[in-house]
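Take a look at the letters that make up each chain.
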Amino acid sequence: MRKAKIFMFSLLVSMVALTGCGKKNNLSPEDTIKKAISNMQSAENYKMTVNFNITTKLGNSSIAMNFDLDGIVDVKNKITKYNIKASALGIESETEQYIKDDGDETITYKKDTDGNWTKQVSSDATSGDMTNNLPAILNSGNNIKELKADKNNYYYEITVGADAIKDMFSLMDDTDLDDLDNFDGKFVINVGIDKKSYHYASISMDMTDLLNSVSSDAEYTKVAFVINFSDYNKAGQVEIPAEVIENAKEESDIDVSTYGFDEDDYEDVLVCEGQDSDDTASLNATIYIGFNDGVSETSYAELQYDFNNEDDATEFYNEASEGEYDGVFKYNNTVSLTYTEDIDASEQTSYESWKANLEGEGFVCE
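Conventions adopted
- Residues numbered from 1 in each chain as written.
- Predicted model: local features only at pLDDT ≥ 70, side-chain atom pairs only at ≥ 80, totals over all residues.
- Heavy atoms only, no water.
- Core = buried A, V, L, I, M, F, W, Y, C linked by side-chain atoms within 4.5 Å.
- Buried < 20%, exposed > 50% of the residue type's maximum accessible area, 1.4 Å probe, protein only.
- Helix = DSSP H or I, 4+ residues; strand = E, 2+ residues; numbered from the N terminus.
- Patch = residues over 30% accessible without salt bridge, like charges linked within 9 Å, V, L, I, M, F, W, Y side chains within 5 Å.
- Areas by Shrake-Rupley, 256 points an atom, 1.4 Å probe, with all protein chains shown as cover.
- Salt bridge = Lys/Arg side-chain N within 4 Å of Asp/Glu carboxyl O.
- Lys, Arg positive; Asp, Glu negative; His and termini not counted.
- Charge placed at Lys NZ, Arg CZ, Asp CG, Glu CD.
- Pairing = 2+ DSSP bridges.
- Disulfide = S-S within 2.5 Å.

Peer 1: What is the right way to read the nonpolar core from this model?
Peer 2: Within soluble globular proteins, side chains that are nonpolar tend to cluster in buried spots. Among the nonpolar cores identified, the biggest contains 37 residues, and Ile-33, Tyr-46, Met-48, Val-191, Tyr-200 and Phe-229 are the most heavily contacted of them. For this core, the element with the highest residue contribution is strand β11 (residues 219-230), accounting for five residues. Of all hydrophobic cores here, the second largest spans 21 residues; its members include Ile-287, Ala-301, Leu-303 and Leu-358.

Spelled out as structure tokens, the structure:
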């Protein structure tokens, strides 16, 4: 028994040494964060990997989307290269992206699924550079809590204020920042900082509550965002290939068909919901009708079919994929369709007429 106790004591001492618990950080949490920010901004380059996992509730099912990004940030030359993999609804895709800060603007080169490159120019010269955006947000944290360290890293929990959240979401053009006023929860960012170099090792965020507070279109059950950093000053220089620069088309030169329904384009919008079912599936439908000058112009439908078995769902999905729908999506036994149609002048009627007709079909209209 005594030998066993001596062995356990020796093991404990070894574990303490391995985990680095004896190495004290002489800097305060605030100074540690600031030093890591300074080191990131002064680094010539580094590597980063990002995992963005989103799970959205869809009726009785859930849709999981996963994004993996592997990149090199060339701080010295203000160029970033990303390789991006995405998966959703059983569909996987890969693409590449280069971002270059060029004076007062940012130039982004993206490769589409067909291998063609596009070029987008933005007046925001910091949108693609992690060294300018996230560190500034971290620095604005109004409460920093020190967590338990491990062998390699110090860990901190940073509570971020409303203004910093708005700065973060301002990078997303389609986000209504006024909706952020509805968020009364606590937004926390967790960071890991290397003990030896005082470089950022990791940054993670749980954005579930935050996105639910600003979104009226979807219910999120999981939104996790994790970034890992490595190879500071060892990642190498990034160059944009000449063939990319020469062959990339300006986005304004590309013919893009836009689907969906923007309620802001109409003076009045009628929204009606309905349900139906048979022996094979149940249907939930939402129909939007847009009106200008008192008459209907556009109809938009979101249809969700929940089938009793996946074979029927697959058969329906294959048939619908050959139709003229905007989008056709399948997840397990659920198939979702979206469809937009401009209403012919001969069929354009009033708000009251559409409402009466749809309610006559069993819909409930707002």
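This is not the end of the story, as more comes after the structure.
Peer 1: How should I be thinking about a negative patch on the surface in this particular structure?
Peer 2: A surface patch of negative charge is lined by Asp-262, Glu-263, Asp-264, Asp-265, Glu-273 and Glu-366. Its place among the elements puts Asp-265 in the loop between β12 (249-250) and β13 (268-277).

Peer 1: Looking at this structure, how should I read the pairing of strand β7 (residues 143-146)?
Peer 2: In this sheet, strand β8 (residues 153-160) lies alongside β7 in antiparallel orientation, the contact comprising four bridges. Note that in β8 the partner of Asn-143 across the bridge is Thr-159. Between β7 and the antiparallel strand that follows it, β8, lie six residues.

Peer 1: I would appreciate a short explanation of unusual backbone geometry in the present structure.
Peer 2: Across the chain, the bulk of peptide bonds are trans and the bulk of non-glycine residues have phi less than zero. Unusually for a residue other than glycine, Asp-231 sits at a positive phi of about 55°. As for its position among the elements, Asp-231 is in the loop between β11 and α6 (242-247). Phi at Asn-233 is positive, roughly 65°, even though this residue is not glycine. Looking at the element boundaries, Asn-233 is found in the loop between β11 and α6.

Peer 1: Would you explain the state of the cysteines in this entry?
Peer 2: A covalent bond bridging the sulfur atoms of two cysteines is what the word disulfide describes. All chains considered together, the criterion is met by one disulfide. The partner cysteine of Cys-272 in its disulfide is Cys-365, sulfur to sulfur 2.0 Å. One disulfide, between Cys-272 and Cys-365, carries an S-S torsion of 110° and so falls in the right-handed class. With a gap of 93 residues between them, Cys-272 in strand β13 and Cys-365 in strand β18 (residues 364-365) connect regions that are remote in the sequence.

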